[in-house]
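# Survey of secondary and tertiary structure
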Amino acid sequence: MSSAETEAAADFVAPGAARDWRGLRRALPLGLLLAVAFVIVPLAGTDYWFNAILIPFLIMALAGLGLNLLMGYAGQASLGTGAFMATGAYATYNLLLRLPDIPLPISLVLGGLIAGAVGVVVGLPSLRIKGFYLLASTLAAQFLLEWIFNQYGWFSNYSTSSSISAPKLAILGQDLSSPVGRYLMTLTAVVAIAAVAARLVKSQTGRAWSAVRDMDTAAAVIGVPVARSKLSAFFVGAAVCGVAGALWAFAYLGTVDARSFGLDRSFQVMFIIIVGGMGSIAGNFIGSAFIVLLPILLSQVSDRLFGGTVDAGQLANLQRIAFGALIIWFLIKEPAGLAALAERGWRRLRPSGTAGPERGSRPGNTGKIF
Amino acid sequence: MAFLIETLIGGLLSGVMYALVAIGFVLIYKASGVFNFAQGAMVLCAALTFVTLRDQGLAFWFAALVTLAIMVVLAIAVERVVLRPLMNQSQITLFMATLGLSFVIEGMSQLVMGASVHELDLGIVDTPVEVGPILVSQFDLVAAAAAGILVLALSVFFNVTRIGISLRAIADDPQAALSIGIRLQRLWRIVWGVAGFVALVAGLLWGSRQGVQFSLTFVVLKALPVLIIGGFTSIAGAIVGGLIVGAADALAEIYVGPLLGGSVSTWFVYVLAVAFLLIRPAGLFGERAIERV
C-alpha cells in the first residue's frame, strides 16, 4: 500500500477535539525544540559553534529538504542540487547588487524562485525518462550551469578573482553579519520553509507527487496530472535548494563561489537524504547533522589518535575510508534512513495506550523510488 | 579538411577508451541492477596497484596477474560485505552504497600506495603514424585495438559460455533464474571480478596516457554520457556511445569552444546525451521497459 494512502486515511481518523488534543501533544516537542533553537542557543552558543557547525548544518538540511521534496516525495532523482544552489546564490547576489532597494528577505525568495524556474527547465527530460537516466541527465545541468557561472563575468560582476565577497547582510537596518545574526537569519528561513514544506507534502500537490513517485503510469491512469506534478516538484525542490545556496554563500561562506557548488555538493546533499530518510522532513535534519558533524568528529578523533605521527594526507585518507565505511554501514543497518530509526525509538518511548494510528510521513514505506 | 578528419579520428579513438570504462558499468548494471559509481575508484585502484608493483621490480605480466588477483579479492569482498546485506534494497540505496564504496577504495588505495603521481610506461611508442596527410597517434591506435579485443572477448564470454548465459538469465528475471538453480551470489562475484579486470585494462590505458593519479577517478564522468547514449544494458551501445561521445567531445573542443570563449569539455557531451535521450528515452540500444499497472 502506498504511503500516500495511509496518510490520507489517517487524516480522517481522529475528528474534533481528540484530534486537536493529539495535534497539540505532537506539537509540544517541536515547540520546545524551536524555543531552544531560537532562544537558548543564541544565548549559549559560541562563535565556533555558529560558524562551523550550526549554520552549515541548517543550510545543508535545507538543501536536503529541497532534494527530498524532489526525490523523496516526487521520486525524481537529481544530481543537479549543486547547480540549483549555485543558481540561487548567483541570482540573489545579482538582485542585491543590481536592485539594492529590494530588502534582503525578498531577494532571497526571488533568488529561490529563479532557481526554481531553472529547475523546471532541468526537469524537462523527466517527462520522457526516469531512474538513472534522469539522474545522469541532471548532471548535464550541473556541469553546464557551473561552467556558465565561471565563464561569463556578468554573473560575478566582472570580479577578477573567481570568488566574490557577498554584500553586507541587513534586514530593516538591523545588521546581521555577526555569527548570531547569521544563525538567526538562517534558522528563520529554514524553519519557515520547512513549515511550508510540511504542509505542502500533505496538500493535493504533495499527494500527486507521492502517486507519481510510487508509479507514474498508474498515477496517470487514475488521472493525476503527471507532467505537471513532475515539473512542479522540480520547481519547488530547486527553489528550496536555491535559497539554501544563497544562504550558503551569504550566511556561511561570505563569498559567492561556483566551486563550492560542484558535483561533490550534489552528492553530499543526496547522502543527507539517503542517510536521513527519503520522504521525511525530519530526516533532512538528521542526515545533515550526520554529514556535517561526521567529518568534524572524524578529524577530531584522528587528531587525538594519530596527531603528529601521521601526515595530513594520510589522515585525510583515513577519514575518507571511515566516512565511506560508515555510509555503507548505515545503509545496511537502516536502509530507510535514520528518520525511520528515530521514529521507531520515539514510538517505543511513548506509552502504548496512546499510540494510535500514527500520522505524518513514514520513511520506511517510501525508500524505493526506482 | 585534413585537420577535421584528424580531430575526428583522434576523438573516435579516445571514444573507444571511454567505452572501456562504460563497459565496466554495463557489466555490473546488467547482472545486478547496481549503478556502480565505484567503477572509477576501481580503475584508480587497479592502476595504482599495478604501478606500485612495477616500481617494486615485478615483471609486466606478473604485476598484471597480481593486480587482477587483488581486484578479484576486492570483488568477493564487495559482494560479501556490501551487496549481500543490501539485497532487495532500492537501486538508489545501492547506488549510494557504491558511492560510499568509492570513498573506501580511493582512501585505501592512496593510504597503502601513496597519492603521488606515477608515470606508467606500457612500452608503446607514441610516435604519430602518417596515413596520407593525416597524423594518427600510435598509442591511441594500440589502446583502441586493446579495447576492441576486450569487447570481443566479453561478447563471446556473455553469449557462449555457461556463466554468460546464466548472467543473461539473471538480467532478464532474477527470480526465475534463482528458481532454476542459478547461483546469484557466485555470479555477482564473477561479474564484479570481470568488472575489476575491465577496470585494470582501463586503468593501464588511461594511466599511461595521463599518469596514475587521483584524477583517474574522473574518467567515470566521461563514461556517464556514453551510458546515457548507449543505454545502461548494452555493451554494443557502450561502444557506439563511446565513439559518439569521443568524436563529439573532440570536435566540440575545437569548433564550439572558441565560439563560446572557453573549454566546453565538461558539459558538451552531457547536453548532447540529454538531447539524445529526448529522442530515444532508453538510449540507442537500451531495452525499452514495458510497464504493467
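Residues numbered from 1 in each chain as written. Chains lettered and ligands numbered in written order. Predicted model: local features only at pLDDT ≥ 70, side-chain atom pairs only at ≥ 80, totals over all residues.

In the annotation of an unreviewed UniProt entry, chain B is listed under the name Branched-chain amino acid ABC transporter permease and assigned to Chelatococcus reniformis. Heading Sequence similarities (unreviewed entry) of the UniProt record for chain B holds this comment: "Belongs to the binding-protein-dependent transport system permease family. LivHM subfamily." According to the UniProt record, the Subcellular location (unreviewed entry) comment for chain B reads "Cell membrane". (UniProt positions renumbered as here; feature names shortened; annotations may be inferred.)

Going by an unreviewed UniProt entry, chain A carries the name Branched-chain amino acid ABC transporter permease and comes from Chelatococcus reniformis. According to the UniProt record, the Subcellular location (unreviewed entry) comment for chain A is "Cell membrane".

The next point concerns the overall build of chain A. Scanning chain A from terminus to terminus reveals 14 helices and four strands. Put simply, of all contacts in chain A between residues at least 6 apart along the chain, 80% involve residues at least 24 apart. (Helix = DSSP H or I, 4+ residues; strand = E, 2+ residues; numbered from the N terminus. Contact = placed C-beta atoms within 7 Å.)

The next thing to look at is the overall build of chain B. In terms of helices and strands, chain B carries twelve helices and two strands. Each helix (α) and strand (β) of chain B, taken in turn from the N terminus, gives the series α-α-α-α-β-β-α-α-α-α-α-α-α-α. Relative to the 2.2 N^0.38 estimate, which gives 19 Å for 293 residues, the radius of gyration of chain B is 19 Å and therefore close to what a compact globule would have. Each principal axis of the C-alpha atoms in chain B carries an extent, and together these give about 60 × 55 × 35 Å. Residues counted as buried form 48% of the 293 residues belonging to chain B. (Rg over C-alpha atoms; globule rule 2.2 N^0.38 Å. Buried ≥ 20, exposed ≤ 12 C-beta atoms within 10 Å, placed from the backbone.)

Residues and elements named next belong to chain A. For helix 7 (residues 179-200), built from 22 residues, the straight-helix expectation of 32 Å at 1.5 Å per residue is met to within 8% by its first-to-last C-alpha distance of 31 Å. Those residues of helix 7 not exposed but buried are R182, Y183, M185, T186, A189, V190, I193 and A197. Buried residues along helix 7 cover an arc of 165 degrees about the axis, so they all sit on one side. Opposite the packed face of helix 7, turned more than 90 degrees from it, sit the exposed residues A192, A195 and R199. (Expected span 1.5 Å × (residues − 1). Arc of directions from axis to C-beta.)

In many analyses, interface size is given as the accessible surface area lost on bringing the parts together. Facing 39 residues of chain B, the contacting portion of chain A comprises 39 residues. Elements represented by at least two residues in the side of chain B that touches chain A include exactly helix 4 (91-113), helix 9 (219-230) and helix 12 (268-279) of chain B. By residue number, the principal contributor to the side of chain B that touches chain A is helix 4 of chain B, which donates 15 residues. For the side of chain B that touches chain A, the class distribution of residues is 27 nonpolar, ten polar and two charged. (Nonpolar A, V, L, I, M, F, W, Y, C, P; charged D, E, K, R; others polar.)

On to the UniProt feature "transmembrane region" (unreviewed entry) in chain A, then. Residues and elements named next belong to chain A. Mapped onto this structure's residue numbering, the UniProt feature "transmembrane region" (unreviewed entry) falls at residues 27-44, 50-70, 77-96, 102-124, 131-149, 183-201, 233-255 and 267-298. Its end C-alpha atoms 29 Å apart, residues 50-70 is made of 100% helix and 0% strand. Taken end to end, residues 102-124 is 87% helix and 0% strand, and its two terminal C-alpha atoms sit 31 Å from one another.

Under the feature "transmembrane region" (unreviewed entry), the UniProt entry names residues 12-29, 34-53, 59-82, 94-115, 135-158, 187-206, 226-247 and 259-279 of chain B. With 82% helix and 0% strand, residues 226-247 of chain B has its two end C-alpha atoms placed 11 Å apart.

The next thing to look at is helix 4 (residues 81-98) of chain A. Taking 1.5 Å per residue, 18 residues should reach 26 Å; helix 4 of chain A reaches 25 Å between its end C-alpha atoms and fits that length. Most of helix 4 of chain A sits inside the fold, with 15 of its 18 residues counted as buried.

Let us now look at the environment of B:Q39. All names here are of chain B. Counting through the fold element by element, Q39 comes out in helix 2 (residues 39-55). Its 27 C-beta neighbours within 10 Å are what place Q39 among the buried residues. Placed 42 residues apart in sequence, Q39 and V81 show a C-alpha to C-alpha distance of 17 Å. The residues contacting Q39, other than those within four sequence positions of it, are V21, G24, F25, A195, A199 and V220.

So, about the environment of A:V243. Residues and elements named next belong to chain A. With respect to the helices and strands, V243 occurs in helix 10 (residues 226-253). Owing to 30 C-beta atoms within 10 Å, V243 belongs among the buried residues under this scheme. In the structure, V243 is positioned 134 residues away from V109 in sequence and 6.9 Å away in space, judged by C-alpha atoms. Not counting residues within four places of it along the chain, the set of residues in contact with V243 comprises L62, G88, L108, G111, G112, A189 and I193.

A few words now on the environment of A:T46. Note on placement: A:T46 falls in the loop between helix 2 (16-44) and helix 3 (47-73). Counting along the chain gives 133 residues from A:T46 to A:P179, while the straight-line C-alpha distance between them is 8.7 Å.

Helix 4 of chain B packs onto helix 11 (residues 263-276) of chain A with a crossing angle of 125 degrees between their chain directions and a minimal axis gap of 11 Å. Classed by the angle they form, the pair helix 11 of chain A and helix 4 of chain B counts as oblique. Pair helix 11 of chain A / helix 4 of chain B crosses with left-handed handedness. Across the interface between the two elements, A:F267, A:M270, A:F271 and A:I274 of helix 11 of chain A pack against B:T93, B:M96 and B:L99 of helix 4 of chain B. (Axes fitted to C-alpha atoms, helices over the stretch in contact; angles between N-to-C directions. Parallel < 35°, antiparallel > 145°, perpendicular 65-115°, else oblique. Left-handed = near helix turned anticlockwise from the far one by under 90°.)

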